[in-house]
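Residue-level structure breakdown
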Amino acid sequence: MTKVPDRFLGYAFCVGDVLLELDMDFRILNADGAIKNTLGTVGGGLNFLDFLTKSGRGVIESSVKMLTGANRLGPFVISIGKEGAAKTEFAVFLAKLPTAEDRVYMVLSKPYRLGKSDSKNTPAQKTEDKKREFFNRLEGLFEGNPDAAENMLVTVLEASAGQNLDDEKLLDIERYLQSFSVGGAHATQIADDKFAVVHDKTSPKKEAADIAAELARATGVTLKGATIDASEARLSETDNMRALIFSLQSFASGNEGFAVDQIQKNCSTLIGETTERVRAFREVLDEGRFSLVFQPIVDLKKATTHHFEALTRFELPPVIKTQWEMIRFAEDIGLIDEFDYAVINLAIAKIRGMLKKGGSPGIAVNLSGRSLSNQGFIFELMSLLRGNKDLKQYLSLEITESAKIHDLDLLSEILDEVRAIGFKVYLDDFGAGAAGFQYLKKLKVDALKIDGAYIKDALTSKEDRAFLRSMVTLCKDLDIVTVGEWVETQEHANLLREMGVDYGQGYFFGKPSPNFLVAPTAAAS
């Protein structure tokens, strides 16, 4: 068997259940993982295609033609199983290695590992899942693959207002787009009335107008669209690809400046401006032009500092105006995992530096929910935490919901592992979103930070006090520590203490500062 790089194996078994090596005729040469549970006993050069449905074979055969040795395709969800037996859905990743161009490597993963939701999900959740999967495939198709970019088009479509788009019509549109998309798997619904498809320049339907006209004849739905030439947009360049995905996300969300006719007219400008912002962010990250400031979190009963939250301060480039915009852009563009990893490393270095001087307070570091849906980031985070297990009494993690968390089951497994290593986990901004109680039911955490909006007006609002009491009571019943945010006055602190909130954070106790506001001591337990 060709030697598979450790990083590929690490990635495979981080996200997957089975790793397969195939020859170019799709014969199984080697297999590892839970293979017997998936394919039974494998040997004698069995052909992987024999385990697939007709549509699944088409997806795999056409996708392998797009592999270059520099890109990775997937996930594709296909049904796999022995002939005559029930088939099981798996998410599939495909890759070649530059050193073995006559081999195909395949990772099979249970869909739940990758944020695939079950049939109980709402239509909106399913659309969000499909959109994320489409963007992942898009990145895998073009990244480092100028040949693909040279031959492909990306078309977005929007249904005209006032039409009856029931589930059946939406599915008909999606299936039609998939029928001529690359590999039959690069088209999806990305919003209630919006779609995207990647197709070949050799297709008879090259432009959005052609596709829209055919869809109108086939489904009766009137659409307008825009077509982007992947070669003109230079989508094989990583930052340009991220810029395109950001533009498509903005189109799906209906953001100003990203209407379908504006994408058609201003595609180069939109991608160029976004690419400039990506490069500016990368420069800040690569050159370390950011620092940490620390805000105290105080024990309300003892009136002593328990630990500090680490907050980030950037040297903002001209194209990004505020600290908050910087974080949100990193999340939207898909760079937040790189940033979160850099921040946690900086916090670890800070703690170790202070320990050398005699002692360090506890520090909590924010991690985006979006980072924790990235399998590569999860693998690196776990390795980092295990390698710094001796800091478990000094370092804790705060999970933020600024980007919505899509797979609570997977996140629950991750947080269980983090806590098993010995690090404490906080859930930030509880109550800020409608999913808060769902998060609390699914996720086992050590502490919960109550959103400051409930605290700010609690002195005068009976309703806010009622919500606060219910949150505190629930957390006490679940043995979860509580932290109240936005504590601005002594009266706020007194109210939270009387209600049974454990810790407080806010300007009353101290603003974020590059220096700790108390002398370094051993971290509180």
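Residues numbered from 1 in each chain as written. Predicted model: local features only at pLDDT ≥ 70, side-chain atom pairs only at ≥ 80, totals over all residues. Heavy atoms only, no water.

Notes on the overall build of the chain
Counted only if it meets this: Segments assigned H or I by DSSP are reported as helices when at least four residues long, segments assigned E as strands when at least two residues long, and all are numbered from the N terminus. Each residue's exposure class comes from its accessible area (1.4 Å probe, protein chains only) as a fraction of the maximum for that residue type: buried when under 20%, exposed when over 50%, partly exposed otherwise. Working rule for contacts: check all heavy atoms of both residues, and any pair within 4.5 Å makes them a contact. Here, Shrake-Rupley sampling with a 1.4 Å probe gives the accessible areas, and only protein chains in the shown set may cover a residue.
Summing up its helical and strand segments, the chain has 17 helices and 17 strands in all. In the chain, which comprises 525 residues, the proportion classed as buried is 52%. Considering only contacts within the chain whose residues lie at least 6 apart along the sequence, 65% involve residues at least 24 apart. Element-wise, carbon and sulfur atoms account for 48% of the exposed surface of the chain, whose accessible area totals about 23,700 Å².

Observations concerning the pairing of strand β15 (residues 447-450)
Definition in use: For two strands to count as paired, DSSP must find a minimum of two bridges between them.
Residue alternation in β15 divides its side chains into two sets, A447 and K449 and L448 and I450, and both sets are buried. Both strand β14 (residues 424-430) and β15 contribute to a ladder of three bridges, which runs parallel. Within the sheet, the bridge partner assigned to F430 lies in β15 and is I450.

A look at the pairing of strand β13 (residues 395-400)
Regular strands have side chains that alternate between both faces of the sheet. We apply this condition: With the strands pointing away from the viewer, any crossover whose connection runs clockwise from the first strand over the helix to the second is right-handed.
Where burial is concerned, most of β13 is hidden: six out of the six residues are buried. Going residue by residue along β13, you find L395, L397 and I399 tucked away on one face and S396, E398 and T400 tucked away on the opposite face as well. Bridge count for strand β12 (residues 362-368) against β13 is six bridges, and the pairing is parallel. Among the inter-strand pairings, A364 is bridged to a residue of β13, identified as S396. Taking the sense of rotation as the criterion, the β-α-β connection linking β12, helix α12 (residues 375-387) and β13 turns out right-handed. As defined by bridge partners, β13 adjoins β14 across four bridges and the pair is classed as parallel. Bridged to L397 within β14 is V425.

Details of the packing of aromatic side chains
This is how it is decided: Only Phe, Tyr and Trp rings are paired, with Trp represented by its six-membered ring, and only when their centres lie within 6.5 Å; those with planes under 30 degrees apart are stacked, over 60 edge-to-face, the remainder tilted. A positively charged side chain is recorded as over a ring if its NZ (Lys) or CZ (Arg) lies within 6 Å of the ring centre. The angle to the ring normal must also be within 35 degrees.
Taken as a whole, this structure holds 13 aromatic pairs when the rule is applied. The interplanar angle of 70 degrees and the centroid separation of 5.5 Å between the aromatic rings of F246 and F329 together place this pair among those described as edge-to-face. Of this pair, F246 sits in helix α8 (residues 238-253) while F329 sits in helix α10 (residues 323-333), placing them 83 residues apart in sequence. An angle of 65 degrees between the planes, with centres 6.3 Å apart, marks the rings of F281 and F339 as edge-to-face. Highlighted residues: F281 in helix α9 (residues 260-286) and F339 in helix α11 (residues 336-356), separated in sequence by 58 residues. Its relative accessible area of 1% is what places F281 among the buried residues. With a relative accessible area of 3%, F339 lands in the buried category. Ring-pair connections join several aromatic residues into one group, and the members of that group are F281, F290, F314 and F339. Seen from the ring of F251, K194 lies directly overhead, with NZ or CZ sitting 4.8 Å from the centre. Here R277 stacks its cationic end above the ring of F329, 4.3 Å away from the centre of that ring.

Things to note about the confidence of the model for the chain
Convention followed: A residue's pLDDT is the predictor's confidence in that residue, given on a scale from 0 to 100.
Here the chain shows a mean pLDDT of 82. Residues at 70 or above account for 86%. Note that residues 1-15 has pLDDT below 50 and, in this model, 35 contacts with residues that lie over four places away or in other chains. Within the model, the stretch residues 519-525 combines pLDDT values under 50 with 16 contacts to residues more than four positions away or in other chains.

Observations concerning the sheet that holds strand β17 (residues 503-504)
Formally: The axes are straight lines fitted to the C-alpha atoms, using for helices just the contacting stretch, and the angles between their N-to-C directions are given from 0 to 180°.
The strand order around the closed barrel built from eight strands is β10-β11-β12-β13-β14-β15-β16-β17, with neighbouring strands paired in mixed fashion. Packing against the sheet, α10 makes contact with β11 (304-314) and β12, and its axis sits at approximately 75 degrees to β11. Against the sheet, helix α16 (residues 462-477) makes contact with β14, β15 and β16 (481-484), and its axis sits at roughly 175 degrees relative to β15, the strand it touches most.

What to know about the environment of Q393
Mapped onto the fold, Q393 is located in the loop between α12 and β13. For the pair Q393 and F423, spaced 30 residues apart in sequence, the C-alpha to C-alpha distance is 7.2 Å.

Remarks on the pattern of salt bridges
Rule in force here: Every case where a carboxyl oxygen of Asp or Glu lies within 4 Å of a side-chain nitrogen of Lys or Arg is listed as a salt bridge.
With the rule as written, the count across this model stands at 24 salt bridges. For the salt bridge of R27 with D25, the shortest nitrogen-to-oxygen distance reads 3.6 Å. For R27, a relative accessible area of 36% translates into the label partly exposed. The class for D25 is partly exposed, based on a relative accessible area of 47%.

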